[in-house]
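Coordinate inspection notes
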Amino acid sequence: MLKNVLIGTNVAYTSAASPYLLTSGQIGVYSLANDGTYTLITSAISAAQALLPIVIAQGVPAGKNIKMFTIQPKEKRAYLTTPFVEPIPNVFVTGYDGVTAAYALPSGIAGTYDFKVQNLTYGNPPFPTVGSTPFFQTNAAATQIAIAEAIVKDVNNQFLLSNNDVMPAQRFAFAETLSAAATAAPVSTPTATVTNGSTTVTLSTTSTSMVIGSWLRFGADNGTTYAIYQIADVNGTTVTLTKPYVNSLLAVGATISGLTTGFVINSTVVAANAGIRVTETGNTFNGSNVLEPMPNKILNVSCNVNLSGAPVQNNQVVAKAFTSAAGTVAANYVSAAGATGTISTTLVTVTSTTGLIEGMAVSVTAGTGAFAAGTRVTAIISTTQFLVSIPIVTALAGGATVVTGTLPTYTEGNGTYPQVFKKELIAAGYSGFINRIFLPDNFPLYSVSGNKYITIGLQYGTSVPDYTAQGYKAGETLSAILAVPNPTTSSNQATDLATILASTNW
């Protein structure tokens, strides 16, 4: 099934009279007359317009080809919208997984420890490809941490090569070292600023705990599902790591500030079980162009020679706290008693929304009322009101009713998020060598200028005789996905497009 994907970053709907006048970030819907004249549609498609071809187009950056597709008269089959949902990247863990004490890497043997990371996704040259084939060679008995560190460094060194900045399909995963060693808050409890792909860490204050050879965690003072990094050098508040910090949910070069830190001495780490976690990179884009490859690639991790026999797990249910772009992992939100909300609506009123975050899962933890499982905050519209993703199941009756919000978690597991779409697609802004790319089942678009995205989906028929070579045949239903910012004003691109495209006339 062929799918078209348009990404519109503008909040307001366009006023461009022709698709060729659209600026980058605008999406426009037009009727196409027999003489080739385009007419911008700004309200529900009329009965007369429904008898004409409907063209949907996206403005693109200068130098790119305009993106558009045409739906023939009376060929629309279905319309739907869906809100932002959290991603679930493909994850492999070899050896210790951050949870199971019995899992470990084979160690204590001199020789070769082979490891392989492959991207086997079909359809995007040069796939299938071997992304990384690191190995660790030792003449002495090896420790688990030495094996893990050597392999993780080799994997990331290959994926962080500068030529992958312009060939992002070659940067499809990052590796991290896990350790069963417990860490603790360092003296003076400094927070850290880290950059994806960099060995430099900036602390908020100096700490006597920062000693060359010791190890750090970022995001928590202790938590074995967080990766571990060794200190190579310390100069005041600047710490240099022995390998680059990596975060699969950030673009390379992106910085996070305010991270809680944990430390532990080297001998404790050497004595503890260790593991290697490989995570495919997540969705990040700059509003026009995809910056990183998409999740739901077909990955494979394998171990050979002395590393054979290590437990290898794929997408097990192990939760790791989600580190937001702002840096800190916030505490749960708990409202004061008195929360209200009408059954079958999505508006919730509380005493204060301070501390609430878009994307939080919400539940009623006291009093009367209930949300459906999986309900999340989609928008905070005032200091006392917010919107949720699923209509309220049981009315929130005020009085003793308390609403609790919990942060999204990055779950290394299959999850329960709804599938929106998955197929080989034409992605935003790519051309030339990397022209075709895979989008994930739930296409998690991250925030751009603070706005979460929703998707508008269309299904429509085709009257072409046979385009088998292009991936679809006569009579097959085609799909289009329009990704636009969530509504924050009464008149905006999302609501205007919804009004236009949900029309029952065509």
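Structural notes, computed from the coordinates. Just so we're clear, the structure is a prediction, and the values are computed from it rather than from any experiment.

1. What to know about the sheet that holds strand β2 (residues 27–32)
As summarised here, the arrangement of the four strands in space is β3-β2-β4-β5, forming an open sheet in which the pairing is antiparallel. Strands with a single pairing partner mark the edges of an open sheet, and in this sheet they are β3 (38–40) and β5 (67–71). The average angle at which neighbouring strand axes cross in this sheet is 30 degrees, direction not considered. With three bridges connecting them, β2 and β3 associate as antiparallel partners. The partner of Y30 across the bridge, within β3, is L40. Taken strand by strand, helix α3 (residues 493–501) contacts β2 and β4 (54–58), and its axis lies near 25 degrees from that of β2.

2. So, the sheet that holds strand β29 (residues 402–406)
The three strands lie next to each other as β22-β29-β25, forming an open sheet whose pairing is antiparallel. Both outer strands of the open sheet, β22 (333–334) and β25 (361–366), are each paired with one neighbouring strand and no more. By the bridge criterion, five bridges tie β25 to β29 in an arrangement that is antiparallel. The partner of S363 across the bridge, within β29, is T404.

3. Considering helix α1 (residues 144–159)
The end-to-end C-alpha separation of α1 is 23 Å, in line with the 22 Å expected for 16 residues at 1.5 Å each. Those residues of α1 that sit buried are Q144, I145, I147, A148, E149, I151, V152, V155, N156 and F159.

Cut-off values and rules
- Residues numbered from 1 in each chain as written.
- Predicted model: local features only at pLDDT ≥ 70, side-chain atom pairs only at ≥ 80, totals over all residues.
- Heavy atoms only, no water.
- Pairing = 2+ DSSP bridges.
- Helix = DSSP H or I, 4+ residues; strand = E, 2+ residues; numbered from the N terminus.
- Axes fitted to C-alpha atoms, helices over the stretch in contact; angles between N-to-C directions.
- Contact = heavy atoms within 4.5 Å.
- Expected span 1.5 Å × (residues − 1).
- Buried < 20%, exposed > 50% of the residue type's maximum accessible area, 1.4 Å probe, protein only.

Function-wise, these values are silent; they only describe arrangement.
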